[in-house]
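A look at the structure
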Amino acid sequence: MRKNLFRIEQVREHWDRVALEYDRINEGFSWTHTERFLTMQKFFPAGDNLKVLNVWSRTGSAVKYIKEKCPDAEIQNLEASEQMIEIARERFPDEDFKQTDLHDLPCETESKDVIVSLETLEHVPDPLHFLLECHRTLKVGGTLIMSCPPAWAELPLRAYEKFFENHGEGPHRFLKVSEVLRALKNCEFEVTHHRGTVFLPVGPAKLKQLVEKVHLSLLRFIGFNRMGIRHFYIAKKTTSRDPVWAKIHEEIIRPGLCMHSGTCIGLSKGTLKLSDPDGKCLPELTGIGSVPEICYEACPEVNPSEFPSSSMLGEYKRIAIAHHKDEGVRSNAASGGILTGTLVHLLETGKINGAVVLKMDETRPWRSVPTIARTREEILASAQSKYTVTPTNVILSELENESGPLAYVGLPHQVLAIRRLKEMNHPSVSSIKYILGPFFGNELFGSSVISFLRKFEAKKEDVTSLSFRAGQWPGHMEAHLRDGRVVSMPKFHANYLIPFHITKSSLISHDLTNELTDISGGEAWAPVYEERGKGFSLLITRTDLGDAVIRKMEEAGKLELSEISEDEAIKMQSHGLDFKKRGAFLRIERMRKRGKRVPDYKMTPPPITFKRKAFEVILDSIFWICSMPLSRRLADLTPNWIIGPLFQQTRKIWKASTKRIKRSGL
Ligand SMILES: Cc1cc2nc3c(=O)[nH]c(=O)nc-3n(C[C@H](O)[C@H](O)[C@H](O)COP(=O)(O)OP(=O)(O)OC[C@H]3O[C@@H](n4cnc5c(N)ncnc54)[C@H](O)[C@@H]3O)c2cc1C
Ligand code: SF4
């Protein structure tokens, strides 16, 4: 759940301004106003001397209804607007009203039996923080009674405000029902009731109540609870917050630092699972058991500088342009087939009995999933780059029972977690002997595949197979559909998806060349190789173990390889290196200035000129504009014969005009 752009001062200003008129205006549509209190009463738990938090309390109207349910309730009322508080104090001189910023609630931990929060969440600058605070404040077994309008209510509200006297909503964002439900779950609430309320905003009281009754009957009989212009969420705090999950959630996921490695899920013993794999693709609680501490300790975003990077390319033994000599391996791979070729070599020479790789899911073929490939055919079938987010390390749960030895292929942050677990002698990685990995410029959310398919009037459910690099290098993105069609786009055209669907983790990671592997491979991007087609890789051996494997393959005549210097490799990858080794630091710096939590790589970036900084502002603006739903929609509507070539040409011009800025000082 993202933070809102408005500040609490702006919220206060609005409600201070309308405070004097607030109660009078609400009398004009009293049923609509009162309905929230009556519904709150229905869910109010039985009990004496209940300690109740009423947040926010506005002019105090809820007090009367709470007292009707629990006459000796001890109510703490919190309100954002000073003017509202003054009116409330006049109305209820014996009650306690205090000001709040709706951020850190001035209440002791586990001190309340009930929290009543009506029509508040939509005005909170940081709604998730507010819900976490509610969870902290409630006693175990306590109840949160919360109401707020759903996202779609924005339009009816606008129409209503045009024709009837109203106090306005001030700064707000109506939240999607699914967003609220997910946030409650992530804050470890158990939602016991959820229902929408349909009411007529105007008309005779009897008619309004009739509509409400009919709707409630519909709810009861056909589970119609997504409808309704006001939604009630009744949630229980069943346990104190899981301390490990709280750390993962607060330090990594909530600030947007999750790299989607899957490590915490793989080590969680079933306490965490993947949510929304085609969307945000983040870990979430299953609600079963306590999250083990190792899930936090092994997260690559916790202490990301554990293995500091020493140079542009990291530690290495040799750098070369290479390709596998077996045309079957090479033509089926992303570039020169060196990663797949190495895995096949290790398997066929008995060095491993399997390899952790990515394959396309059999039941949902638009998604990639990790697997242990145990035969040559399985390794070949898993070749090629998968550019959508895939948390490979979820497979760690399966590896504890593996005798190995295994090879492992992963992206830089996934490899970092594996290296850390190896340092800890953790059983989940003891079977992994060789660590390989592709370079990592960026990866995309699953929404990129959906956008690609929309261009061909297809949906993900229509896909029977999907490949990101089919055919001759550099290949094309290609989907086979149930209706027999094969739809595709050249790789350089399909790259238009990048600015629209790039993950945040791609923007703040600094490791392009997968520096912690034994062997890593990228594309040999240079006109001389691109013209020849067929596929050439930039190969880097980094450890004695990795270099020995490549030497054996050379001796066996399996690889065509010609060594190049570090400078040549840097020149070849200057675009990506600049994006990672300079761009990531500029983006991180910007986040830091905005008070956000950021990864500390403990590295000094190469010199950054004023021109380079200016260029970053343009790039960031492009990413920001493209990430908006409207921009994505427009991109989806633009025919692929326009958007693909247009993107390719623009990128060419952009790369040529920024080449000098990027290369200088690398
Ligand atoms: C997300 C992503 C971004 C990349 N960005 C760049 C870049 O900016 N610049 C560049 O030069 N190269 C980049 N590459 C690397 C490039 O696409 C090739 O993977 C690399 O050249 C090796 O080619 P190959 O023919 O040896 O690989 P192949 O022989 O085709 O083998 C690829 C291996 O990697 C595994 N794999 C594929 N996708 C993933 C994934 N997402 N996570 C973990 N394992 C995976 C496959 O299962 C297979 O085992 C990227 C790759 C990926 C996956
Ligand atoms: S371990 Fe990986 S998936 Fe889990 S929070 Fe950390 S980066 Fe995200």
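Residues numbered from 1 in each chain as written. Chains lettered and ligands numbered in written order. Predicted model: local features only at pLDDT ≥ 70, side-chain atom pairs only at ≥ 80, totals over all residues. Heavy atoms only, no water.

Side note on the overall build of the protein chain
- Scanning the protein chain from terminus to terminus reveals 27 helices and 20 strands.
- Rg of the C-alpha trace for the protein chain: 29 Å, near the compact-globule value of 26 Å for 666 residues, within the 12% margin.
- Seen along its three principal axes, the alpha-carbon backbone of the protein chain occupies a region of about 90 × 55 × 50 Å.
- Sorting the 666 residues of the protein chain into buried and exposed places 58% on the buried side. (Helix = DSSP H or I, 4+ residues; strand = E, 2+ residues; numbered from the N terminus. Rg over C-alpha atoms; globule rule 2.2 N^0.38 Å. Buried < 20%, exposed > 50% of the residue type's maximum accessible area, 1.4 Å probe, protein only.)

A word on empty space enclosed by the protein
- Under the definition given, this model contains four cavities of 30 Å³ or more.
- What lines the largest cavity is a set of 18 residues, among which Pro304, Leu416, His510, Asp511 and Tyr601 lie closest to the centre.
- When grouped by side-chain class, the residues that make up the lining of the largest cavity number 10 nonpolar, five polar and three charged. (1 Å grid on protein atoms, 1.4 Å probe; cavity = no way out; pocket = protein on both sides within 12 Å on 5 of 7 lines; lining within 4 Å. Points joined across faces, edges and corners; volume = space filled by probe spheres on them. Nonpolar A, V, L, I, M, F, W, Y, C, P; charged D, E, K, R; others polar.)

Points about the site of ligand 2
- Around ligand 2 sit Ile248, Ile252, Cys258, Met259, Ser261, Gly262, Thr263, Cys264, Pro283, Cys299 and Pro300, and that is every residue in its neighbourhood.
- Among the residues making up the shell around ligand 2, the classes are represented as eight nonpolar, three polar and no charged. (Near = heavy atom within 4 Å.)

Overview of the site of ligand 1
- In the region of ligand 1, 32 residues are neighbours, and Ser335, Gly337, Thr340, Gln384 and Ser385 sit closest.
- Ala334 has a polar backbone atom sitting 2.8 Å from an oxygen atom of ligand 1.
- With respect to ligand 1, the side chain of Ser335 contributes an N or O atom lying 2.8 Å from an oxygen atom.
- For ligand 1, the protein covers 96% of the area, taking 900 Å² as the surface of the free molecule.
- Among the elements of the structure, α13 (338-348), β11 (354-360) and β18 (519-523) are those that each provide at least two residues to the shell around ligand 1.
- Ranked by residue count, the leading element in the shell around ligand 1 is α13, at four residues.
- Split by residue class, the shell around ligand 1 holds 14 nonpolar, 15 polar and three charged. (Polar contact = N/O pair within 3.5 Å; in protein donor to acceptor, adjacent residues only side chain to side chain. Areas by Shrake-Rupley, 256 points an atom, 1.4 Å probe, with all protein chains shown as cover.)

A closer look at the packing of aromatic side chains
- According to the stated counting rule, one finds 13 aromatic pairs in the structure shown.
- Ring plane angle 15° and centroid distance 4.8 Å describe the contact between Phe37 and Tyr65, whose orientation is recorded as stacked. Here Tyr65 lies in helix α3 (residues 61-69) and Phe37 lies in helix α2 (residues 30-43), a separation of 28 residues in the sequence. Here Phe37 matches Tyr65 in class, with each residue buried.
- Centre to centre, the rings of Trp473 and Trp525 are 5.5 Å apart; their planes meet at 10°, and the pair counts as stacked. Remark: Trp525 occurs in the loop between β18 and α21 (527-532) and Trp473 occurs in the loop between β15 (463-470) and β16 (476-481); sequence separation between them is 52 residues.
- Judged by its relative accessible area of 24%, Trp525 falls in the partly exposed class.
- Three or more aromatic residues link up through ring pairs in this structure, and these residues are Trp473, Phe492, Trp525, Tyr529 and Phe536.
- Positioned above the aromatic ring of Phe579 is the side chain of Arg587, whose terminal nitrogen or guanidinium carbon lies 4.4 Å from the ring centre. (Phe/Tyr/Trp six-rings, centres within 6.5 Å; stacked < 30°, edge-to-face > 60°. Lys NZ or Arg CZ within 6 Å of the ring centre and 35° of its normal.)

With respect to the packing of helix α24 (residues 574-593) against helix α25 (residues 610-626)
- It is at 11 Å that the axes of α24 and α25 come closest, and there the two elements cross at 75°. Viewed along their axes, α24 and α25 adopt a mutual orientation that is roughly perpendicular. Only Arg612, Lys613, Phe615, Glu616, Leu619, Asp620 and Phe623 of α25 make contact with α24, whose side of the interface consists of Asp578, Phe579, Arg582, Gly583, Leu586, Arg587 and Arg590. (Axes fitted to C-alpha atoms, helices over the stretch in contact; angles between N-to-C directions. Parallel < 35°, antiparallel > 145°, perpendicular 65-115°, else oblique. Contact = heavy atoms within 4.5 Å.)

Considering the side chain of Thr388
- Positionally, Thr388 belongs in the loop between α14 (376-381) and α15 (396-399).
- Not counting chain neighbours up to four residues away, the residues in contact with Thr388 comprise Ser368, Glu443, Leu444, Phe445, Gly446, Ser448, Val449 and Phe468.

Notes on the environment of Leu274
- Topologically, Leu274 is positioned in strand β8 (residues 272-275).
- Overall, the relative accessible area of 30% leaves Leu274 in the partly exposed class.
- Expressed as a C-alpha distance, the spacing of Leu274 and Val394, which sit 120 residues apart in the sequence, is 8.7 Å.
- Look past the residues within four positions of Leu274 in its chain and what remains in contact with it is Ile265, Cys281, Leu282 and Pro391.

With respect to the pattern of salt bridges
- This structure, assessed with the given rule, holds 45 salt bridges.
- The closest approach of N and O atoms between Glu402 and Arg374, which form a salt bridge, is 2.5 Å. Within this pair, whereas Glu402 is found in the loop between α15 and β13 (406-409), its partner Arg374 is found in the loop between β12 (368-373) and α14, the two being separated by 28 residues in sequence.
- Taking relative accessible area as the criterion, Glu402 reaches 17% and is therefore assigned buried.
- In this structure, Asp636 and Arg454 form a salt bridge, with 2.5 Å as the shortest nitrogen-oxygen distance. With Asp636 in helix α26 (residues 629-637) and Arg454 in helix α17 (residues 447-454), the pair connects residues that are 182 residues apart, well separated along the chain.
- In this structure Asp636 comes out as buried when scored by relative accessible area, which is 9%.
- Residues participating in the shared-partner salt-bridge network are Arg318, Asp547, Arg551, Glu554 and Glu563. (Salt bridge = Lys/Arg side-chain N within 4 Å of Asp/Glu carboxyl O.)

Examining the nonpolar core
- Membership of the largest hydrophobic core comes to 41 residues, with the highest contact counts inside it found for Ile248 and Leu399.
- Among the elements of the structure, α9 (243-253), α10 (263-266), α11 (294-297), α15, β13, α16 (412-423), β14 (432-438) and α24 are those that each provide at least two residues to this core.
- If one sorts the elements of this core by residue count, α9 sits on top with five residues.
- Excluding anything up to four places from it in sequence, Leu399 contacts Val356, Ile372, Leu406, Ser428, Ser431 and Ile432. (Core = buried A, V, L, I, M, F, W, Y, C linked by side-chain atoms within 4.5 Å.)

Here we look at the sheet that holds strand β7 (residues 230-237)
- The seven strands are arranged β3-β2-β1-β4-β5-β7-β6 in an open sheet whose pairing can be described as mixed. The open sheet terminates on both sides in strands that have one partner only, identified here as β3 (96-99) and β6 (189-197). Each strand of the sheet is rotated relative to its neighbour by a mean of 15°, with strand direction disregarded.
- Judged from the eight bridges that link them, β6 and β7 form a sheet pairing that is antiparallel. Among the inter-strand pairings, Gly196 is bridged to a residue of β7, identified as His231.
- Lying over the sheet, helix α4 (residues 82-91) contacts β2 (74-79) and β3, oriented at roughly 170° with respect to β3.
- Sitting on the sheet, helix α5 (residues 127-137) touches β1 (51-55), β4 (112-118), β5 (138-148), β6 and β7, and the angle it makes with β5 is about 145°. (Pairing = 2+ DSSP bridges.)

Considering α24
- The end-to-end C-alpha distance of α24 is 27 Å, a good match for the 28 Å that 20 residues give at a rise of 1.5 Å each.
- Gly595 lies just past α24 and shows a positive phi near 80°. (Expected span 1.5 Å × (residues − 1).)

A look at the side chain of His129
- Examined against the element boundaries, His129 turns out to sit in helix α5.
- Relative accessible area serves as the criterion here: at 15%, His129 is assigned to the buried category.
- In this structure the side chain of His129 is engaged in a polar contact, spanning 3.4 Å, whose partner is the backbone oxygen of His103.
- Excluding its chain neighbours within four sequence positions, the residues that come into contact with His129 are His103, Asp104 and Arg254.

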